[in-house]
Amino acid sequence: MQRRKLGKTNEDVSILGIGGFHLVEISTKDTIWLINRYLDEGGNYVETAPSYGNGESEIKIGKVMKERREECLLASKCHLREKDKAKELLDESLMRLRTDHLDLWFMHGVSTYEDWAKITSSQGALRAAEEAKKEGKIRYIAISGHRPEVLIDALRDYPFDAVMAVINYYDKFNFPLIEYELIPLAQEKNIGIIAMKALADGFLWKSAENAFRYVLSLPVTTVVAGFNTKEMFEKNLKIFNSFTPMDEEEKEN
């Protein structure tokens, strides 16, 4: 599977990342099969969050991480805004994932300026991330959200290692800031770009190959996708393994 550099981290990341949200919809046995199959195929970006199934997703992923932790970049998220609560949440994530550190820890779902103000305060979650990095509990600090204008200001204010945003050709027209401001800003600051919702919450499922190719033809490092069947995973794996970039004419059409 092709790999790309994740911004200033210089980490080589597979263009297909596996997201943990939909793992709560399948059995532990199928989750273990899916993640092992993904790693066997050269995938190396596994992402989850404690809010996915109230820790269930992390627990399932941890059953694979106890044996194959060094084969991937492992990411989880913090949806809490206060420093002390965030620190507790991180320790719980590490326990469930059966590891002593995360590669990326996201300030998760930062979608309002109120969120951003809380996170960046003297007792905000970002202070917990900075302390955790010094302690070796995380390697990189990242941010995710659904509002490009908030993410843009956050990237201007803080030297994040990576940003996760909604990127797809459907939302290109709804939120032009994503492609015309957010992506160029992240490139300028050498912040790794991680794409989510490449199929626009399912609206583009009938043209999945074109949807994935479109996003991968932008300067993103990886596209995180979720799976709840083996068949869906194999179909998407085939698309990513045979990826060729779109030219400008294809992207416009």
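For the structure, check the block above.
What counts and what doesn't
Residues numbered from 1 in each chain as written. Predicted model: local features only at pLDDT ≥ 70, side-chain atom pairs only at ≥ 80, totals over all residues. Heavy atoms only, no water. Buried < 20%, exposed > 50% of the residue type's maximum accessible area, 1.4 Å probe, protein only. Helix = DSSP H or I, 4+ residues; strand = E, 2+ residues; numbered from the N terminus. Right-handed = clockwise from strand over helix to strand, strands pointing away. Core = buried A, V, L, I, M, F, W, Y, C linked by side-chain atoms within 4.5 Å. Contact = heavy atoms within 4.5 Å. Phe/Tyr/Trp six-rings, centres within 6.5 Å; stacked < 30°, edge-to-face > 60°.

Draft legend 1. Here's a closer look at the pairing of strand β10 (residues 222-225). Every second residue of β10 is oriented toward a common face, with Thr222 and Val224 on one face and Val223 and Ala225 on the other, all of them buried. One crossover worth recording links strand β9 (residues 192-196) to the parallel β10 by way of helix α9 (residues 208-216), and it is right-handed.

Draft legend 2. Highlighting the nonpolar core. Counting residues in hydrophobic clusters, the biggest one holds 85 residues, and the most contacted among them are Tyr45, Leu104, Met107, Ile143, Phe160 and Ile167. If near-sequence neighbours (up to four positions away) are discounted, phenylalanine 160 is found in contact with Lys8, Met107, Trp116, Leu126, Ile141, Ala142, Ile143, Ala154, Leu155 and Ile191.

Draft legend 3. Representation of the packing of aromatic side chains. Applying the stated criterion across every chain yields a total of eight aromatic pairs. Relative to phenylalanine 233, the ring of tryptophan 33 has its centre 6.4 Å away and its plane inclined at 85 degrees; by these criteria the two rings are edge-to-face. Placement of tryptophan 33 in helix α1 (residues 28-40) and of phenylalanine 233 in helix α10 (residues 230-241) is noted, with a sequence separation of 200 residues between them. When its relative accessible area of 0% is taken as the criterion, phenylalanine 233 is described as buried. Note on tyrosine 169 and tyrosine 214: the rings are 5.7 Å apart at their centroids and 75 degrees apart in plane angle, and the pair reads as edge-to-face. Of this pair, tyrosine 169 sits in the loop between β8 (162-166) and α7 (171-174) while tyrosine 214 sits in helix α9, and the two are 45 residues apart along the sequence. Overall, tyrosine 169 belongs to the partly exposed group, its relative accessible area being 25%. In this structure an aromatic cluster arises from ring pairing among Trp33, Phe227 and Phe233.

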